[in-house]
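# Remarks on the overall topology
These are the residues of each chain, in order.
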Amino acid sequence: MRCGHDCGSCGSCGSCGGCGGGALELTEQEVELLGRFAQIPFLPVARRWDSETPVYLEEAADFSAAIVGLQLKRLIRVDYDLPLVNFDYAAYGAYPCRGSMALTERGQAAVELLEIQGVEP
C-alpha cells in the first residue's frame, strides 16, 4: 500500500510508516476487524485502569491483539477520551476506561484495497 504522498525517501511524510514495496501484512483477525470497520465507522473499546490491553466485547473472539496490531500499523485510532454517544457499555462493566476506535485515513485506504482485491474477513 502506498501512502499517496511524494515522499522521495518514504517515511519522511509520516503518513505511511514505510512503503517498502507497498506490502502490508495483516492477520486474519485484523482483516476481520477491518471488515467490521467497513460496516460501522466507530466501535466501542474499553480497558481496565491498570492495563493497556484493549477490549472489544461485541464479537465472541478476543480481538485485543488485532486492535493493538492495527494501532501499531496506524490503521485505527483508539481514543479512551471519546466514548460512543448512546452506546450501552453495560457489557463492559469490568472495564471502567471506555472509549471508541475508528479507522484512520490509512486504515480507510487499506479497507478500500481489501474490498477491491476481494479479500473477505
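For the structure, see preceding data.
Summarised in this report is the structure supplied together with it. A quick note: this is a predicted structure, and the numbers were derived from the prediction, not measured.

### Description of the packing of aromatic side chains
- Under the definition given, this model contains four aromatic pairs.
- Judged by centre distance (6.1 Å) and plane angle (75°), the ring pair of Tyr56 and Phe63 falls under edge-to-face. With respect to class, Tyr56 is no different from Phe63; both count as buried.
- Relative to Tyr89, the ring of Phe87 has its centre 4.8 Å away and its plane inclined at 75°; by these criteria the two rings are edge-to-face.
- A residue is classified by how much of its surface remains accessible, and Phe87, at 27% relative accessible area, is partly exposed.
- Its relative accessible area of 10% is what places Tyr89 among the buried residues.

### A short note on the pairing of strand β3 (residues 97–103)
- For β3, the tally of buried residues reaches six of seven residues, placing the bulk of the element in the interior.
- As paired strands, strand β1 (residues 42–47) and β3 are joined by six bridges and run antiparallel to one another. By the bridge assignment, Phe42 is partnered in β3 with Ala102.
- Relative to β3, strand β2 (residues 76–79) is paired through four bridges, and the arrangement is antiparallel. The partner of Ile76 across the bridge, within β3, is Leu103.

### Structural notes on unusual backbone geometry
- Not every positive phi belongs to a glycine, and Arg74 is a case in point at roughly 60°.
- Here Arg74 shows up in the loop between α2 (64–72) and β2.
- Note on Arg74: relative accessible area 36%, which makes it partly exposed.
- The phi dihedral of Asn86 falls on the positive side, at around 60°, and the residue is not glycine.
- Relative to the helices and strands, Asn86 resides in the loop between β2 and β3.

### Quick look at the nonpolar core
- The biggest cluster of nonpolar side chains holds 26 residues, and the ones touching the most others in it are Leu33, Tyr56, Ile67, Ile76 and Met101.
- Going through the elements one at a time, α1 (28–39), β1, α2, β2, β3 and α3 (105–117) are the ones with two or more residues in this core.

About the cut-offs
- Residues numbered from 1 in each chain as written.
- Predicted model: local features only at pLDDT ≥ 70, side-chain atom pairs only at ≥ 80, totals over all residues.
- Heavy atoms only, no water.
- Phe/Tyr/Trp six-rings, centres within 6.5 Å; stacked < 30°, edge-to-face > 60°.
- Buried < 20%, exposed > 50% of the residue type's maximum accessible area, 1.4 Å probe, protein only.
- Helix = DSSP H or I, 4+ residues; strand = E, 2+ residues; numbered from the N terminus.
- Pairing = 2+ DSSP bridges.
- Core = buried A, V, L, I, M, F, W, Y, C linked by side-chain atoms within 4.5 Å.

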